[in-house]
Every structure is written in C-alpha cells, then in structure tokens.
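The residues making up each chain are set out below.
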Amino acid sequence: YQRFLLDCTAQKQREQEEQLRQERRHQELVQALSTDYNLVCFFDLDNHTGTALRTHACPHGVLDRFFSAGELSMTESMENYIRTCVYVDDQPILRRVFTGDYLAQELQDRSIYYLNYRTICGGEVRYFQMKAVRIGDWDSSRNVVIGFRSVDEETRAEMEKKNLLEDALSQANRASKAKSVFLSNMSHDIRTPMNAIIGFTALATTHIDNRDQVEEYLKKIMTSGNHLLSLINDILDMSRIE
C-alpha cells in the first residue's frame, strides 16, 4: 500500500472563486435581462415553491417583504402580493392563475403566457403585465420563470390613441350623415322649383293665346328659375358641402 497526502487548498480556492464568478455572472445576466421587470421569480409548479430572482426597489417595501431571499411558497407569496397590490376587480383572475394547475395547463401547449392586470399603489391605478415562460424539460419538471412589469405608459398611450380614433370615426360619421342630409334636402329642394318650371311651361303652352295668363306663368317660371339657380350654386360650392 502507498498513501499520498496532497495539499489541494489552492485548487479548492480556485474552484470556489470560479464558482463565485459564475454565480455573479449568472446574477448579472438575470439582472440585465430582467431590467424592465419589477419582479422576477422562479417557481416549480409541481410543488409550488420557488425563489425570487429579482425584486425592484418598491417605495412601500411590499415586494421585499413578500419575496425575500430563500425558498418561497408560490401560493402564499402571490396571495400576499395580490391582496396588497392588485386592483380589487383584477384579483380573481390573478388568483386563478396561481391556484392549482391553471398556469401549468396554460403552458402545456405554449411556452409563454401573458396576463395584463391593474395594480393600485398609493391610491394610483397602474397597468401591469405578467409573463410566464417555461424553462428546462417540461415533460420531466414543470419549471417556470415569471416576470411582472409595468406597461402603464404603453397602455395609456394605446388608450389615448384608441380614443382619438374613436373621436375621428365619430366625426367622420357625423360628417357623412350631414352630407347625406344636405344632399337629400338639396334633392328635394331642386325638384320643387323644377316641377314648377315644367308645370307653368306646360300651362303657358296650353294658354298661349291668353297674353295675361302666359305673362303670369312666365313670371312664376322666372322666380322658380332664379331659386333653382341659387340651389345649384350652393351645390357646386364644395365649401358649403363640407
């Protein structure tokens, strides 16, 4: 038998330093990829446990209190977050996501699941989005990374754009209706003097020998003609139509 005692202290130190560097690099990568997210968590959907990968500085300290370092209970931590931060009308749908196997079923046939909801902080309602992503081998372990980020500016911009489009559509509909009413009225107004001109012309023809009657008919024809010309000028004036 031969026994060798080797001093591997330096090697172990190098291995530990390399492991620390990899952990720091991993943390930096997580921080960089999740910079837009207020909260990023890892959860095992089979046993409903996980850890917080990133918590954004919260003015009221809510995230740090509910998603502290160490192992988390998904049901308990998310219930605390929902009860404290989520707008009351949106709480039921968010609770359903983190209850039972709902989230696992939603991710069964797709790798990403989104849910928009509202939060309330300091009496102010803000729009948020939850994003859940499958990681690893889904058949052997149902692990997900879930991120929560504010989409308040984008949502309000979209709502403002939608309101502007609705106003523009309403104005267009009113303008179209006004044009239809205008042309309908013009059509009716044109027929009235036109019928008078045709009718008095026919009467003048039948009473061609009666100078007084024909003269009266011609005066009425002249009046109706002037009125008709005024209507035609209005129709041809596009600014009046607008």
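Reading the values: rules and limits
Residues numbered from 1 in each chain as written. Predicted model: local features only at pLDDT ≥ 70, side-chain atom pairs only at ≥ 80, totals over all residues. Heavy atoms only, no water. Helix = DSSP H or I, 4+ residues; strand = E, 2+ residues; numbered from the N terminus. Buried < 20%, exposed > 50% of the residue type's maximum accessible area, 1.4 Å probe, protein only. Areas by Shrake-Rupley, 256 points an atom, 1.4 Å probe, with all protein chains shown as cover. Pairing = 2+ DSSP bridges. Contact = heavy atoms within 4.5 Å. Axes fitted to C-alpha atoms, helices over the stretch in contact; angles between N-to-C directions. Expected span 1.5 Å × (residues − 1). 1 Å grid on protein atoms, 1.4 Å probe; cavity = no way out; pocket = protein on both sides within 12 Å on 5 of 7 lines; lining within 4 Å. Points joined across faces, edges and corners; volume = space filled by probe spheres on them. Nonpolar A, V, L, I, M, F, W, Y, C, P; charged D, E, K, R; others polar. Phe/Tyr/Trp six-rings, centres within 6.5 Å; stacked < 30°, edge-to-face > 60°. Parallel < 35°, antiparallel > 145°, perpendicular 65-115°, else oblique. Left-handed = near helix turned anticlockwise from the far one by under 90°.

Q: Explain the overall build of the protein to me, and be specific about the residues and the numbers.
A: Of the regular secondary structure elements, the protein holds eight helices and six strands. Counting over 242 residues, the protein shows a buried share of 26%. About 16,700 Å² of surface is accessible on the protein, with carbon and sulfur atoms providing 52% of the total.

Q: A description of the sheet that holds strand β1 (residues 39–44) should follow, citing residues and the corresponding values.
A: Strand order in the open sheet formed by six strands is β3-β2-β1-β6-β5-β4, and the pairing between neighbours is antiparallel. Each having just a single partner strand, β3 (72–73) and β4 (112–121) make up the two edges of the open sheet. Alignment of β1 against strand β2 (residues 49–55), held across six bridges, turns out to be antiparallel. Paired with L39 across the two strands is T55, which belongs to β2. Sheet contacts for helix α6 (residues 152–206): β5 (124–135) and β6 (143–150); angle to β5, the most-contacted strand, approximately 115 degrees.

Q: Just give me the short version of α6, but keep the residues and values in it.
A: When the terminal C-alpha atoms of α6 are compared, their 81 Å separation across 55 residues agrees well with the 81 Å that a helix rising 1.5 Å per residue should span. All buried positions along α6 are accounted for by D152, F182, M186, P193, I197 and A204.

Q: Explain empty space enclosed by the protein to me, and be specific about the residues and the numbers.
A: The final tally for this structure, using the stated rule, is one cavity of 30 Å³ or more. Forming the boundary of the largest cavity are L45, H48, M74, V97, F98, G100, D101, Y102, L103 and A104. Per element, the largest residue contribution to the lining of the largest cavity is three residues, and it comes from helix α5 (residues 102–106). When the residues that make up the lining of the largest cavity are grouped by side-chain class, the tally is seven nonpolar, two polar and one charged.

Q: Give me the packing of aromatic side chains: which residues, what numbers.
A: Using the criterion set out here, one finds five aromatic pairs in the structure. Ring centres of Y117 and F148 lie 6.5 Å apart, and the angle between their planes is 80 degrees; on these two criteria the pair is classed as edge-to-face. A residue pair is termed long-range when its members are at least 10 positions apart, and Y117 in strand β4 and F148 in strand β6 qualify at 31 residues. Like F148, Y117 is buried.

Q: Give me the packing of α6 against helix α7 (residues 211–236): which residues, what numbers.
A: Helix-helix packing is described using two parameters, namely the angle between the two axes and the distance between the axes. Where α6 meets α7, the closest approach of the two axes is 9 Å, and the angle between their N-to-C directions is 160 degrees. Regarding the angle of α6 to α7, the classification is roughly antiparallel. The handedness of the crossing between α6 and α7 is left-handed. In this structure, α6 contributes F182, M186, D189, I190, P193, M194, A196, I197, F200, T201, L203 and A204 to the contact, and α7 contributes V214, Y217, K220, I221, S224, G225, H227, L228, L231, D234 and I235. Looking at the contact of α6 with α7 residue by residue, the classes come out as 16 nonpolar, four polar and three charged.

Q: I'd like a rundown of the environment of F182, residues and numbers included.
A: The topology assignment puts F182 in helix α6. According to the relative accessible area criterion, F182 is buried, its value standing at 17%. For the pair formed by F182 and I235, sequence separation is 53 residues and the distance between their alpha carbons is 9.2 Å.

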